[in-house]
Amino acid sequence: MDEIIDRLRKVRKGAMFVVGAPSGTGKGTVIKEILKNDSNIKFSVSVTTRAPRVGEVEGVDYYFVTDEQYNEFLKQDAFYECVDSQYGSRYGTLRSEVDSFINVGQDVIFDMDWAGVRQLREKAGDDVVAIYLLPPSIRELRKRLEGRGTDTQEVIDKRMGIILDKISHWEEFDYVIVNVDLQETVTKIQKIISGERMRRVRQVGLKGFVRELVKEVEEEN
Ligand code: ADP
């Protein structure tokens, strides 16, 4: 019996948890907390053409590539989704990176905006779970961006200038959380993750399991 349950647990398809939010709301912080507390969920490392920032590590934060390499990925249809940012650089989510996890029953988590979520849903359908974080207020959002200390005032103003475009797509996400208290937000996302893991479409081992149950019934009769 234990053996069957154990096998069932292993035969699972992972999900792609994508977290969207206007810059400064807290996606990065929340994702780090989730990863710290759950070894069965992995960060999907994106490809980017932008230069590494101080402290960023190749293969950990991003795969840093040239424009030529990026174009080659595009040609091979290697991306689940890709985007040209307003700041001139390009980003993409590699199919191979994500599939290497979800096909062995591990979940992945990464941040993405609404345009990426649309592309991802077209290619990955039910595998996608989209979570949107809203800031408690626009004033608080600015405070968080300033407090983070990674952007110049000019970049902060630019980020604040495109908030409406970001927020107006909130209804394209499956779950929405107002990120007031960090720990509460993390707990809510953990609950979403455990619920999503139970969905029939992810428990791909169930068919075999039910077949065994049916066989057992037939043998009994
Ligand atoms: P994003 O990835 O969405 O751009 P970050 O994760 O970098 O945002 O968070 C922006 C800033 O806000 C960081 O300094 C972070 O510590 C802070 N922050 C995140 N969540 C909260 C929260 N619930 N309350 C207060 N500050 C927060």
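This write-up is about the structure you can find in this document. (Residues numbered from 1 in each chain as written. Predicted model: local features only at pLDDT ≥ 70, side-chain atom pairs only at ≥ 80, totals over all residues. Heavy atoms only, no water.)

**As for the packing of aromatic side chains**
All chains considered together, the criterion is met by five aromatic pairs. Relative to phenylalanine 79, the ring of tyrosine 70 lies with its centre 5.1 Å away and its plane at 40°, an arrangement referred to as tilted. No difference in accessibility class separates tyrosine 70 from phenylalanine 79, as the two residues are buried. Between tyrosine 132 and phenylalanine 173 the ring centres are 4.6 Å apart and the planes differ by 45°, which places this aromatic pair in the tilted class. Note that tyrosine 132 is positioned in strand S8 (residues 128-134) and phenylalanine 173 in the loop between helix H8 (163-167) and strand S9 (175-178), a separation of 41 residues in sequence. Classification of tyrosine 132 as buried rests on a relative accessible area of 2%. Under the relative-accessibility criterion, phenylalanine 173 is labelled buried at 7%. Chaining the aromatic ring pairs together yields one cluster made of Tyr62, Phe64 and Tyr91. (Phe/Tyr/Trp six-rings, centres within 6.5 Å; stacked < 30°, edge-to-face > 60°. Buried < 20%, exposed > 50% of the residue type's maximum accessible area, 1.4 Å probe, protein only. Helix = DSSP H or I, 4+ residues; strand = E, 2+ residues; numbered from the N terminus.)

**Here we look at the nonpolar core**
If you look at the biggest cluster of nonpolar residues, it comprises 24 residues, and the most contacted ones within it are Met16, Val18, Val98, Val108, Phe110 and Leu120. Elements with a minimum of two residues in this core: strand S1 (16-20), helix H4 (95-102), strand S7 (107-111), helix H5 (114-124), S8, helix H6 (138-148), helix H7 (153-161) and H8. (Core = buried A, V, L, I, M, F, W, Y, C linked by side-chain atoms within 4.5 Å.)

**Observations regarding the site of the ligand**
The full set close to the ligand counts 14 residues, and Gly24, Lys27, Gly28, Thr29 and Arg148 are the nearest of them. Backbone polar atom of glycine 24 to an oxygen atom of the ligand: 2.8 Å apart, as the coordinates give it. Contact between the ligand and glycine 28: an oxygen atom at 2.8 Å from a main-chain N or O atom of the residue. When the ligand is considered free in solution it has 570 Å² of accessible area, and contact with the protein chains removes 75% of it. Listing elements by their share of the shell around the ligand, those giving two or more residues are helix H2 (27-37) and H6. The biggest single contributor to the shell around the ligand is H2, with three residues. For the shell around the ligand, a count of residues per class yields three nonpolar, seven polar and four charged. (Near = heavy atom within 4 Å. Polar contact = N/O pair within 3.5 Å; in protein donor to acceptor, adjacent residues only side chain to side chain. Areas by Shrake-Rupley, 256 points an atom, 1.4 Å probe, with all protein chains shown as cover. Nonpolar A, V, L, I, M, F, W, Y, C, P; charged D, E, K, R; others polar.)

**Side note on a nonpolar patch on the surface**
There is a patch of nonpolar side chains on the surface, built from Val210, Leu213 and Val214 and spanning about 220 Å² of accessible area. With respect to the secondary-structure elements, valine 210 resides in helix H10 (residues 206-220). On the basis of relative accessibility, which here comes to 41%, the residue valine 210 falls in the partly exposed class. (Patch = residues over 30% accessible without salt bridge, like charges linked within 9 Å, V, L, I, M, F, W, Y side chains within 5 Å. Salt bridge = Lys/Arg side-chain N within 4 Å of Asp/Glu carboxyl O.)

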